[in-house]
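As a plain string of letters, each chain reads:
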Amino acid sequence: MSILVTGGAGYIGSHTVMYLKERGEDVIVLDNLQKGHRAALSDVKLYQGNLQDESLLDEIFTSNHVDSVIHFAANSLVGESVEKPLEYYENNVIGSYHLIKKMVEHKVLKIVFSSTAATYGNPVRVPIMEEDPTVPTNPYGDTKLAIEKMLQWADGAYGLKSVCLRYFNAAGADPEGKIGEDHTPESHLIPIILQAALGQRDKVSIFGDDYPTEDGTCIRDYIHVLDLADAHYLALKKISETGESGIYNLGNGTGFSVKQVIDTCRIVTGNEIRAEVAPRRAGDPAVLIASAEKAKTELGWKPQYSALEEIVSHAWNWHQHHPNGYQE
Ligand SMILES: NC(=O)c1ccc[n+]([C@@H]2O[C@H](COP(=O)([O-])OP(=O)(O)OC[C@H]3O[C@@H](n4cnc5c(N)ncnc54)[C@H](O)[C@@H]3O)[C@@H](O)[C@H]2O)c1
Ligand SMILES: O=c1ccn([C@@H]2O[C@H](COP(=O)(O)OP(=O)(O)O[C@H]3O[C@H](CO)[C@H](O)[C@H](O)[C@H]3O)[C@@H](O)[C@H]2O)c(=O)[nH]1
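Residues numbered from 1 in each chain as written. Chains lettered and ligands numbered in written order. Predicted model: local features only at pLDDT ≥ 70, side-chain atom pairs only at ≥ 80, totals over all residues. Heavy atoms only, no water.

Per an unreviewed UniProt entry, the protein chain goes by the name UDP-glucose 4-epimerase and belongs to Mesobacillus foraminis. Of the comments in the UniProt record for the protein chain, the one headed Catalytic activity (unreviewed entry) reads "UDP-alpha-D-glucose = UDP-alpha-D-galactose". (UniProt positions renumbered as here; feature names shortened; annotations may be inferred.)

(A) Structural view of the pattern of salt bridges. A complete count under the given rule lists 21 salt bridges for this structure. Arginine 125 is the salt-bridge partner of aspartate 132, the closest N and O atoms lying 2.6 Å from each other. Residue aspartate 132 is classed as buried on the basis of its relative accessible area of 9%. Across the salt bridge formed by glutamate 244 and lysine 238, the nearest N and O atoms sit 3.6 Å from each other. We classify lysine 238 as buried; its relative accessible area is 11%. Among the charged side chains, a network of salt bridges with common partners joins Glu22, Arg23, Asp174, Glu176 and Lys178. (Salt bridge = Lys/Arg side-chain N within 4 Å of Asp/Glu carboxyl O. Buried < 20%, exposed > 50% of the residue type's maximum accessible area, 1.4 Å probe, protein only.)

(B) Just the sheet that holds strand 4 (residues 68-71), in detail. The seven strands are arranged 3-2-1-4-5-6-11 in an open sheet whose pairing can be described as parallel. With partners counted over all chains shown, the strands left at the sheet margins are strand 3 (45-48) and strand 11 (246-250), one partner each. With strand direction ignored, the average angle separating the axes of adjacent strands in the sheet is 20°. The sheet strands contacting helix 4 (residues 85-105) are strand 1 (2-6), strand 4 and strand 5 (110-116), and the helix crosses strand 4 at an angle near 175°. (Pairing = 2+ DSSP bridges. Helix = DSSP H or I, 4+ residues; strand = E, 2+ residues; numbered from the N terminus. Axes fitted to C-alpha atoms, helices over the stretch in contact; angles between N-to-C directions. Contact = heavy atoms within 4.5 Å.)

(C) A look at the domain arrangement of the protein chain. One can read the domain layout of the protein chain as domain 1 (2-171 + 222-250) and domain 2 (189-220 + 253-321). For domain 1 and domain 2, the distance between their C-alpha centres works out to 23 Å. Listed per partner, the contact involves 32 residues of domain 1 and 31 residues of domain 2. Across the interface of domain 1 and domain 2, roughly 2,600 Å² is buried in total on both sides, 67% from carbon and sulfur atoms. Together, Tyr222, His224 and Asp227 form the three largest contributors to the area buried by domain 1 at its contact with domain 2, with a combined 28%. Between domain 1 and domain 2 we count zero salt bridges in total. For the interface between domain 1 and domain 2, the tally reads 11 residue pairs in polar contact (both at pLDDT 80 or more). Only helix 3 (78-83), strand 7 (169-171), strand 10 (222-224), helix 7 (225-242) and strand 11 provide two or more residues apiece to the side of domain 1 that touches domain 2. (Domains from an automatic or database assignment. Buried area = accessible area lost by both parts, 1.4 Å probe. Polar contact = N/O pair within 3.5 Å; in protein donor to acceptor, adjacent residues only side chain to side chain.)

The structure is reproduced here in structure tokens:
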């Protein structure tokens, strides 16, 4: 396969690029490096530019034999999207519109899209199934839902086949420690806790302890970044083999509260980690847990690193060896 990966220099994108290359696939990356890192890509052709640049997309599609796209490039922070919704509609929805338009023009008719659990909003049941209602509680989830719909209509009209992967909370790092998670500023729970374990923060803020959960803190389903990478690989194979579009949840089916995640990080790192309750963060649903049975049955997906301790230990290995991320 010859694959264009948008957002390939980002956290999940770079792990997926590495995974695809290890399987002998031909990969090129489009990333504007607003969040991504050149150093997260070894020996991969990078087009540094914006999704919305149609002439750059023309150049990419004419000078490479791209047969499919994996589309990660997006703004992806729940809290930030509530504060800056227009930036999210512009970068995510309008950016995807330009990409999809150019794919159709250049007859590149296979795409795997990074969707999210945030499309569901407050779930009507857990574990969440793909057919459950999608009522996002934040603009970020709404932009992803809009893109899913754009893809569905583009399938009917132009034969663009898509797999939308609704991942729950990506976490962990390459087990060999070659690459990992590095966002500035960091906002994700596990890297923030590990920064506190390294002494780079004095404490972790727990955003709300008055949710309707056992310990009052939000519950999430954490999924290893390499298990996500594997699902993208399987999704591409599925589109090529069956020519069918689909939507799949990706998670482990087990929820951990913010307090449980902090406790797990204390065990893995052996460090005391200070935590303090702070106000709720806008846009957060109380509980998100996946049913990923459909991905297991239809894509043949089998997560390899399901235990939270293992996920955290891979992240801890990366953070210990790269306390300043890619900036050595
Ligand atoms: N991290 C999670 O837990 C999670 C969960 C569900 C879904 N997702 C989705 O997965 C994808 C990747 O997430 P991530 O955590 O790796 O994020 P990330 O910010 O690390 O990666 C996104 C990459 O896209 C690039 N990018 C953004 N806008 C761009 C544009 N207009 N043109 C070119 N490049 C652009 C950034 O520079 C970055 O390298 C996102 O679409 C996100 O919404 C993430
Ligand atoms: O310092 C922090 C950071 C986070 N949290 C809490 O920890 C949980 C996880 O928060 P993250 O920011 O790590 O992740 P989100 O659940 O907000 O979102 C992530 O997973 C979503 C899917 O569930 C999205 O797709 C999104 O892109 C991705 O960032 C949330 O309840 C959040 O309120 C804290 O209590 N303190």
